[in-house]
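Chain by chain, the residues:
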Amino acid sequence: MTESIQDAAQDTVSFGYENVSPQEKTRRVGEVFSSVARKYDIMNDAMSMGMHRGWKDRFVKRVKPQAGEQVLDMAGGTGDIAFRMADRGADITVADINQDMLDVGAERAMERAENEETGSLVFTCQNAETISFASNSFDAYTIVFGIRNVTYKDKALAEAYRVLRPGGRFYCMEFSTTEWSGFKEIYDVYSDKLLPRMGQAIAGDADSYRYLVESIRKFPSMPEFESMIRAAGFTNTKVEPILGGAVAIHSGWKI
C-alpha cells in the first residue's frame, strides 16, 4: 500500500499550487494560453507597466543574434522575441506547444512591413520536451517566460542542448523570486491581489492569471535553475537578475 501511494505521488506534477497528472497539466496549461492568446501582449503591458518591452530588448542584446544564424525561439507564441531577433537578420523558427498562440504570432508576422534585411520567420507547433528537429540544428535557443509552464523542465533543457550546434548558446528569461527586501512584499501583494483582477478586466479570465502567479512561485530559485542548466550539459552558465530577481536572464553554452 505504501509503495502504491508513493508511486501515485511521483506521477503528479504541480499546476500552480495543485498537484495533477502530467497529462492534466499539459491540458490545463494549453487551456490557459488558448484563453489569453488574443490579449496576451496587452496583458503583458498592463502587468509589467510596459517594462517587459525593455526586458525583452535587453534579452535580445544578450543573445546577439547575427544575420544568417538559425535560432529556435521556443514558447515564442506571439512573436515578441522572434521579431526582435529577425530584425537583426537572424532566421527564426518560432515554436510553441499552443497553436492559438502561434496563430496570433503568424498573423502579426503577416502584418509586419516587409523588409529585405529582416531574417526569415517560420512558425511550428512543438513540445519543448520532444522537439522534432535534428540534433545540432541551431546556433541559439531562446525561451522567454515559457519554461516554467513546461511539465518536465529537465527534459526541455536536455532537448535545448541536443538541438544546439557545438558552440551554440542557450538563453532563457523567466520570472523568479526577487531578493530585494521591501519590494518583495509589495510585489507579492500586487501578484496575489491585483493581477487576477487585471486578468478578469482585460482578458475576461482571472483564473488563468491566478495560475500564472502560482507558477512563478513554484519555479526554482535562480541558483537552483542555474544548476539544472548545468546538469543538462551547458557550461559558462550565468544568471542576470532584473528587479532583484523578479525576472532573471539565464544563459549557457554548448561545447
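Residues numbered from 1 in each chain as written. Predicted model: local features only at pLDDT ≥ 70, side-chain atom pairs only at ≥ 80, totals over all residues. Heavy atoms only, no water.

Visitor: Tell me what's going on with the UniProt feature "binding site: S-adenosyl-L-methionine" (unreviewed entry) in the protein chain, and back it up with residues and numbers.
Guide: Per the UniProt record, "binding site: S-adenosyl-L-methionine" (unreviewed entry) is annotated on Thr78, Asp96, Asn127 and Ala128. Looking at where Asn127 falls in the secondary structure, it is placed in the loop between β5 (121-125) and β6 (138-144). Within the structure, the side chain of Asn127 is placed 2.9 Å from the backbone nitrogen of Glu129, a separation counted as a polar contact. (UniProt positions renumbered as here; feature names shortened; annotations may be inferred. Helix = DSSP H or I, 4+ residues; strand = E, 2+ residues; numbered from the N terminus. Polar contact = N/O pair within 3.5 Å; in protein donor to acceptor, adjacent residues only side chain to side chain.)

Visitor: Give a description of the pairing of strand β9 (residues 247-253) that names residues and reports values.
Guide: Counting buried positions over the seven residues of β9 gives six, a clear majority of the element. Note that strand β7 (residues 164-175) and β9 share seven bridges and pair antiparallel. Looking at β9, one finds that Phe170 is bridged to Gly252. Judged from the six bridges that link them, strand β8 (residues 235-242) and β9 form a sheet pairing that is antiparallel. (Buried < 20%, exposed > 50% of the residue type's maximum accessible area, 1.4 Å probe, protein only. Pairing = 2+ DSSP bridges.)

Visitor: Talk me through the packing of helix α7 (residues 153-163) against helix α10 (residues 222-231); I want residue IDs and the actual numbers.
Guide: Running from N to C, α7 and α10 cross one another at 50 degrees; their axes reach a closest spacing of 9 Å. As far as their axial angle goes, α10 and α7 are oblique. The hand of the α7/α10 crossing is right-handed. Side by side, α7 and α10 meet where Lys153, Asp154 and Leu157 of the first sit next to Phe225, Met228 and Ile229 of the second. Counted by class, the contact of α7 with α10 contains four nonpolar, no polar and two charged residues. (Axes fitted to C-alpha atoms, helices over the stretch in contact; angles between N-to-C directions. Parallel < 35°, antiparallel > 145°, perpendicular 65-115°, else oblique. Left-handed = near helix turned anticlockwise from the far one by under 90°. Contact = heavy atoms within 4.5 Å. Nonpolar A, V, L, I, M, F, W, Y, C, P; charged D, E, K, R; others polar.)

Visitor: Let's hear about the sheet that holds β8: which residues, and what values?
Guide: Across the sheet, seven strands lie side by side as β5-β4-β3-β6-β7-β9-β8; this open sheet has mixed pairing. What marks the edges here is a single partner per strand, and that holds for β5 and β8. Here the strands of the sheet are splayed against their neighbours by 15 degrees on average, with no regard to which way each runs. Strands in contact with helix α6 (residues 99-111) are β4 (91-96) and β5; relative to β5, the strand with the most contacts, it is inclined by about 165 degrees. Contacts from α7 reach β3 (70-74), β6 and β7, with the element oriented near 145 degrees to β7.

Visitor: Break down the packing of aromatic side chains for me, with residues and values.
Guide: Applying the stated criterion to the full structure yields 10 aromatic pairs. Ring plane angle 15 degrees and centroid distance 4.3 Å describe the contact between Phe145 and Phe175, whose orientation is recorded as stacked. Remark: Phe175 occurs in strand β7 and Phe145 occurs in the loop between β6 and α7; sequence separation between them is 30 residues. Per residue, the accessibility class of Phe145 equals that of Phe175, and both read buried. An angle of 35 degrees between the planes, with centres 5.1 Å apart, marks the rings of Phe170 and Phe234 as tilted. Taken together, the residues Phe170 in strand β7 and Phe234 in the loop between α10 and β8 connect sequence positions 64 residues apart. (Phe/Tyr/Trp six-rings, centres within 6.5 Å; stacked < 30°, edge-to-face > 60°.)

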